[in-house]
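# Architecture at a glance
Chain residues, written in single-letter form:
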Amino acid sequence: MSILVWTWIITGASFALYIYIAYWARAKTTGDFYVAEKQVPPLLNGMATGADWMSAASFISMAGLISFLGRDGSYYLMGWTGGYVLLALLFAPYLRKYGRYTIPQFIGDRYYSQTARLIALLCAIFVSFTYVAGQMRGVGVVFSRFMDVPIDYGVIIGMALVFFYATLGGMKGITYTQVAQYVVLITAYLIPAIFISMHFTGNPIPQLGYGSPITAGGAALLNDPSTQGKYLLDVLDGLSKDLGFAAYTSGQRPMIDVFFITFSLMIGTAGLPHILIRFFTVPKIRDARSSAGWALIFIALLYTTAPAVAVFARTNFIKTVNNVEYVNAPSWFKNWEKTGLVGWKDKNGDGIMQLRPGKWDDPKSANEVKIDQDIMVLANPEIAKLPNWTVGLVGAGGLAAALSTAAGLLLVISAAVSHDLMKNILRPSMSEKEELWWARGGAGVAVVIAGLFGIYPPGFVAQVVAFAFGLAAASFFPAILMGIFNKRMNKEGALAGMIVGIVFTAAYIWWFKYGNPAANNPAGWWMGISPEGIGTVGAALNFLTAYVISKFTSPPSAEIQDLVGSLRYPGKEVPEATSH
Amino acid sequence: MSIHATKELQAYWKENLVIIAVLLGIWFAVSYVCGILLANQLDAYRIAGFPLGFWFANQGSLVTFVVLIWVYVWLLDRLDIKYGVQQD
């Protein structure tokens, strides 16, 4: 059967499964809708968190991104996993002990302030919309690449599906579909990686394979018998240097920037509301700790495979494309040329493809080959000479990654509207039934807006991912951390800290992305810290401001201090928040 | 009586903070020290085909992160029982 038919069959089957699960797990109460009645077993919550976390970008783009960045790319690998240690040790058990529904609710109650609640809910909505726009676009892109469906139709199909299970099932429906989506996406990611690793190095574990010597079969695939027996990474370092790139395993970016970006991504991860609320859904405090452990196992499975895929794909790409006559280009190259992900411009008219540093469409560069980062994952099944159905599986995996993340984000937006804004600020007297309607309606409207962002992507989408992590790092992370670990932290300190952190971080990113993009380079940055890494500084300013202000203002009431105290001991009751 | 007052519970919280501090120290050492600050120096050593600093940045710190969380889960289970604050 053809690739297209397989893709439709596998995608269709996976969608049918998601719809069935959503119907089976439909929400009946607000407790169901917001936190799945706190009945999710930790292992399944770990899987759901993994799917929630790993987005279209993690699945399709990350390995390719790393293959261009070399060792510097590890700020993504460490940054997007190290945050889970912070979550497990600093947040998850205490937020579960608190036991309510949303992050703005925690911040509003802990700092006995409707203003703090409002700032937190606006941040939650902004961060989530920023993030979800890319996911809906991702759904459209996967549909168009794998199934010849126009991007806009792909987005609409994705919207319809998410609309169905997010409004019907809430957190409960989303959780169990995410479990299924995790299984689909990890299978789709690992199968091609395992086979490629075996082809090149004979080692079925990709994480070990890319540190192994190349086998005779691998050397044959690379059309170069002399590579047999050499370490793959040495071959790639040598190839990179020969072509004028830096050695793959060396770092290029200033160390201070790598440090700050990694830190910003870690604390940003720990401050993202759609991840934090996952820890509200388990039965016990110890389950919150262990589900962070399961989540990181499931995430690390993909995140340790990605750099291996990057090395295999990059080596294969250079060896089978560079200095090869176009008429002899590998079949996957010609297949994917139609999509525009790879391309060739014969600048010197010799009929041979030359891969060099620089842009392929820049007449001054000797580079003739266009490589989109996504090709490093998408072409894997063909490079590994796998059967057609595995290509379909990769398509379904990309969709699972995008849809699961989108659903988690939409739930945050819906809860921020129905629970934090309507129930806790505007209409405290409304009934549970009414609130549930607001929650479903909020999710529905959010899906439509997210879909519109997917169809008409605002030019700034790619730019604003730095915003999402930077703001989460500079607002939520310090506010929640101090809320748990510093009983003396009061409303005045927390508010001032959040405002300073948010304003500083947003202004810094805005300045370099829009205000004065010409200065967006290491020489123009403050202390050599890029906009991607500035969330670390924003968080530090938040801590500092909050600490100083709280020293000069009155401490929180005894009830609030008791609330904080009670968060720390698993078996003791949490008192109801009374003062607002 | 407020629940955070007893000496027992304060001791529990102190032990918890020590555990967190030690584990986060390791967290910082593998990722920021071995994977970033000393990566170039560590690259002089190798395990199989991996330069060591590159390996920490690519794989070693991630594997350590997983271990750290599970060690925390295990230690806190024991601590909860020692002070009788576990949930039934």
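Residues numbered from 1 in each chain as written. Chains lettered and ligands numbered in written order. Predicted model: local features only at pLDDT ≥ 70, side-chain atom pairs only at ≥ 80, totals over all residues.

Let us now look at the overall build of chain B. Scanning chain B from N- to C-terminus turns up three helices and two strands. In chain B, the order of α-helices and β-strands from amino to carboxyl end is α-α-β-β-α. For 88 residues, the compact-globule estimate of 2.2 N^0.38 gives 12 Å, and the C-alpha radius of gyration of chain B, at 18 Å, exceeds that figure by more than 25%. Looking at chain B residue by residue over its 88 residues, the buried ones come to 36%. (Helix = DSSP H or I, 4+ residues; strand = E, 2+ residues; numbered from the N terminus. Rg over C-alpha atoms; globule rule 2.2 N^0.38 Å. Buried ≥ 20, exposed ≤ 12 C-beta atoms within 10 Å, placed from the backbone.)

Take the overall build of chain A next. Within chain A, the regular secondary structure consists of 23 helices and four strands. For 580 residues, the compact-globule estimate of 2.2 N^0.38 gives 25 Å, and the C-alpha radius of gyration of chain A, at 24 Å, lies within 12% of that figure. Each of the three principal axes of chain A carries a C-alpha extent, and together these read 80 × 55 × 40 Å. Within chain A, the proportion of its 580 residues that are buried is 60%. Taking the contacts inside chain A whose residues are at least 6 apart along the sequence as the reference set, 78% of them involve residues at least 24 apart. (Contact = placed C-beta atoms within 7 Å.)

This paragraph deals with unusual backbone geometry. Residues and elements named next belong to chain A. Even without glycine at this site, lysine 38 takes up a positive phi of about 50°. Here lysine 38 is to be found in the loop between α2 (30–35) and α3 (42–53). Judged by C-beta crowding, with 17 C-beta atoms within 10 Å, lysine 38 ranks as partly exposed.

It is worth spelling out the environment of A:Gln181 at this point. Residues and elements named next belong to chain A. Mapped onto the fold, glutamine 181 is located in helix α8 (residues 151–201). Put simply, glutamine 181 and serine 67 are 114 residues apart on the chain and 26 Å apart in space, counted from C-alpha to C-alpha. Those residues in contact with glutamine 181 that lie beyond four places of it in its chain are Ala51, Ala400, Leu403 and Ser404.

So, on to the interface of chain B and chain A. How big an interface is tends to be stated in terms of accessible area lost as the parts join. Tallying the contact residues gives 40 residues for chain B and 46 residues for chain A. Put simply, the parts of the chain that give the side of chain B that touches chain A at least two residues each are α1 (7–37), β2 (50–51) and α3 (52–82) of chain B. Ranked by residues supplied to the side of chain B that touches chain A, first place goes to α3(B) with 16 residues. A class-by-class count of the residues in the side of chain B that touches chain A yields 27 nonpolar, ten polar and three charged. (Nonpolar A, V, L, I, M, F, W, Y, C, P; charged D, E, K, R; others polar.)

Residue and element names in this part refer to chain A. For chain A, the domain assignment lists domain 1 (3–312 + 385–462) and domain 2 (317–376). Domain 1 and domain 2 are separated by 31 Å when their C-alpha centres are compared. Counting residues at the interface gives 17 residues for domain 1, matched by twelve residues for domain 2. Elements represented by at least two residues in the side of domain 1 that touches domain 2 include exactly α4 (56–69) and α14 (285–321). The element contributing the most residues to the side of domain 1 that touches domain 2 is α4, with seven residues. For the side of domain 1 that touches domain 2, the class distribution of residues is ten nonpolar, five polar and two charged. (Domains from an automatic or database assignment.)

Residues spaced three or four apart along an α-helix face the same direction, because each turn holds 3.6 residues. Taken as a whole, α1(B) carries its principal kink of about 30° at B:Ala29. Of the residues making up α1(B), those classed as buried are B:Tyr12, B:Asn16, B:Trp27, B:Val30, B:Ser31, B:Cys34, B:Gly35 and B:Ile36. Close packing links the buried residues of α1(B) with α5 (74–98) and α12 (255–270) of chain A together with α2 (39–42) and α3 of chain B. (Bend = angle between axes of the 7 residues up to and from the residue.)

This brings us to the packing of helix α7 (residues 114–147) of chain A against helix α18 (residues 388–426) of chain A. Residues and elements named next belong to chain A. Between α7 and α18, the shortest axis-to-axis distance is 8 Å and the interhelical angle comes to 155°. As the angle between them shows, α7 and α18 are arranged roughly antiparallel. Crossing of α7 over α18 shows left-handed handedness. Residues belonging to the contact of α7 with α18 are distributed by class as follows: 22 nonpolar, eight polar and two charged. (Axes fitted to C-alpha atoms, helices over the stretch in contact; angles between N-to-C directions. Parallel < 35°, antiparallel > 145°, perpendicular 65-115°, else oblique. Left-handed = near helix turned anticlockwise from the far one by under 90°.)

Attention shifts here to the nonpolar core. The biggest cluster of nonpolar side chains holds 228 residues, and the ones touching the most others in it are A:Val162, A:Leu185, A:Val309, A:Ala406, A:Leu410 and B:Ile69. Ranked by the residues each element gives to this core, the list is headed by α14(A), at 21 residues. When residues of this core are assigned to domains, at least three map to each of domain 1 (3–312 + 385–462) and domain 2 (317–376) of chain A. Those residues in contact with A:Val309 that sit more than four places away from it in its chain are A:Ala63, A:Ala193, A:Pro206, A:Met376, A:Val377 and A:Asn380. (Core = buried A, V, L, I, M, F, W, Y, C linked by C-beta atoms within 7 Å.)

On to the confidence of the model for chain A, then. Predicted confidence across chain A gives a mean pLDDT of 91, with 97% of residues reaching 70 or more. Averaged over each element, pLDDT in chain A is lowest for helix α17 (residues 380–383) of chain A (83) and highest for helix α22 (residues 535–551) of chain A (97). (pLDDT = per-residue confidence, 0-100.)

Residues and elements named next belong to chain A. If you trace the backbone, leucine 378 turns up in helix α16 (residues 375–378). Taking the C-alpha atoms as reference points, leucine 378 and phenylalanine 146, 232 residues apart in sequence, are found 9.3 Å from one another. Dropping the residues within four chain positions of it, leucine 378 is found in contact with Ile60, Arg145 and Val394.

Residue-level pLDDT values for chain B average 92, and 94% of them are 70 or greater. In the predicted assembly, ipTM is 0.96 and pTM is 0.94.

Let's shift gears to the packing of α4(A) against α7(A). All names here are of chain A. It is the contact of α4 with α7, at a shortest axis distance of 9 Å, that shows an interaxial angle of 70°. One finds that α4 runs roughly perpendicular with respect to α7. Residues Ala56, Ala57 and Ile60 of α4 form the contact with α7, whose participating residues are Gly134, Gln135 and Gly138. Classifying every residue of the contact of α4 with α7 by side-chain character gives three nonpolar, three polar and no charged.

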